[in-house]
Amino acid sequence: MTRKSKIYSSACLLALLTLPGWASASAQQQDIQEAEVGTTVVGSPPADLTGLTAGPDIDGFISARSDNRIQVTTADGTNTVVFLSDGTEIRSSNGLFGMNRTKLATGSLLNGLPVTAKTVQWGGGLVASQIKLRGKDLKTATMIRTGTVQGFAEQTAATEALRSRVADIDQYNVKGTTNVYFDTGKTNLSQQAQADLCSAATQANAMDNALVLVVGYTDSTGDYDFNQELSEKRASRVVNYLQQACGWKPYRMLTPTGMAEADPAADNTTDEGKAQNRRVAINILVSKGLDGM
């Protein structure tokens, strides 16, 4: 995956937090309007897709879902409806080099999830012969969906009002940043890092309306693909610890991301500088609209 597509994938997942339907299970079945997509195909596509004329490959994110159809929105804003059939193969690529492919059910196709669909032509429309997604995208999307649904069901009306306000605000004040550090090529948390994470969670919890944004980084050792994967794994490890050990709620966390060796904190030509760059930053944010600024 290219640097551009990685950034687009992260942006798609960040959009999950601002979709108005994420607080209910019915949000996963947003209606696909026939007039908008211009398709008049009726009936169910065949299970056997062999022999059908190949259609275009579509790279984008799922913006709507209805019965046996999904709408995929590409980076330029084009919406395309794709039918699903019993013959549609849905696969997730896990592992550092895209190995360990696992076949998934159609229930894994969540709104906001970045996908690549191979299609065939049928009845004037398109049927997905194969849909590919990245395992870490699915994990993050599922975490956000489950955390949002469960979390807001347990909260008061005031918290629900907070969610609706935050969904309309895309600028935040940074109220504090905590960095935790890692050994070369590693993702495990030291005892000091664990203590610092729970301290950051306590600090954020004392602030009204605070959210947390977790960003992972690496030093310059290794190539870009390796470092991108490593930075994402470090961010994911921090997110898991914040939620599981420090009690930070998933619905108060923005989508984590990895930035590889971008935005170094120190000089990558020295061992001391590299040690400072192998980090995950935990940023405490409060929206400017709620912070009075």
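Note that this is a predicted model, so its numbers are computed, not measured. Counting restarts for each chain, with residues numbered from 1 along the sequence as it is written. Only residues with pLDDT of at least 70 get local features here, since the model is predicted, and only at 80 or more are side-chain atom pairs given and counted; chain-wide, interface and lining totals rely on the full set of residues. Water and hydrogen atoms play no part in the side-chain values, which are based on all heavy atoms of the structure.

**Considering helix 6 (residues 224–244)**
Part 1 of the argument: Numbering of helices and strands starts at the N terminus; helices are DSSP runs of H or I of at least 4 residues and strands are runs of E of at least 2. To estimate the expected span of a helix, count its residues, drop one, and scale the result by 1.5 Å. The end-to-end C-alpha separation of helix 6 is 30 Å, in line with the 30 Å expected for 21 residues at 1.5 Å each.
Part 2 of the argument: Think of it in three bands: with a 1.4 Å probe and only protein chains considered, a residue is buried below 20% of the maximum accessible area for its type, exposed above 50%, and partly exposed in between. Regarding helix 6, the residues found buried are N227, Q228, E229, L230, S231, E232, R234, A235, V238, V239, L242 and Q243.

**So, helix 5 (residues 191–205)**
Part 1 of the argument: The end-to-end C-alpha separation of helix 5 is 21 Å, in line with the 21 Å expected for 15 residues at 1.5 Å each.
Part 2 of the argument: Of the residues making up helix 5, those classed as buried are A193, L197, A200, A201 and A204. Along the axis of helix 5, the buried residues cluster in a sector spanning 100°; they form a single face. Opposite the buried face of helix 5, by more than 90 degrees, sit the exposed residues Q191, Q192, T202 and N205. Relevant arc is that of directions from the helix axis to the C-beta atoms, nothing else.

**Topic: the state of the cysteines**
Part 1 of the argument: Criterion for a disulfide: a pair of cysteine sulfur atoms at a distance within 2.5 Å. Taken as a whole and judged by the stated rule, the model has one disulfide.
Part 2 of the argument: Two residues share a disulfide in this structure: C198 and C246, whose sulfurs sit 2.2 Å from each other. An S-S torsion of about -85° defines the bridge between C198 and C246 as left-handed. With C198 in helix 5 and C246 in the loop between helix 6 and strand 10 (257–258), the pair connects residues that are 48 residues apart, well separated along the chain.
Part 3 of the argument: For C198, a relative accessible area of 23% corresponds to the partly exposed category.

**Observations regarding the side chain of T73**
Part 1 of the argument: Inspection of the secondary structure puts T73 in strand 2 (residues 69–74).
Part 2 of the argument: Among the polar contacts listed, one links the side chain of T73 to the side chain of N79, at a separation of 2.5 Å. By the criterion applied in these results, polar contacts are pairs of N or O atoms within 3.5 Å in which, for protein atoms, one can donate a hydrogen and the other can accept it, and in which residues neighboring in sequence qualify only through two side-chain atoms.

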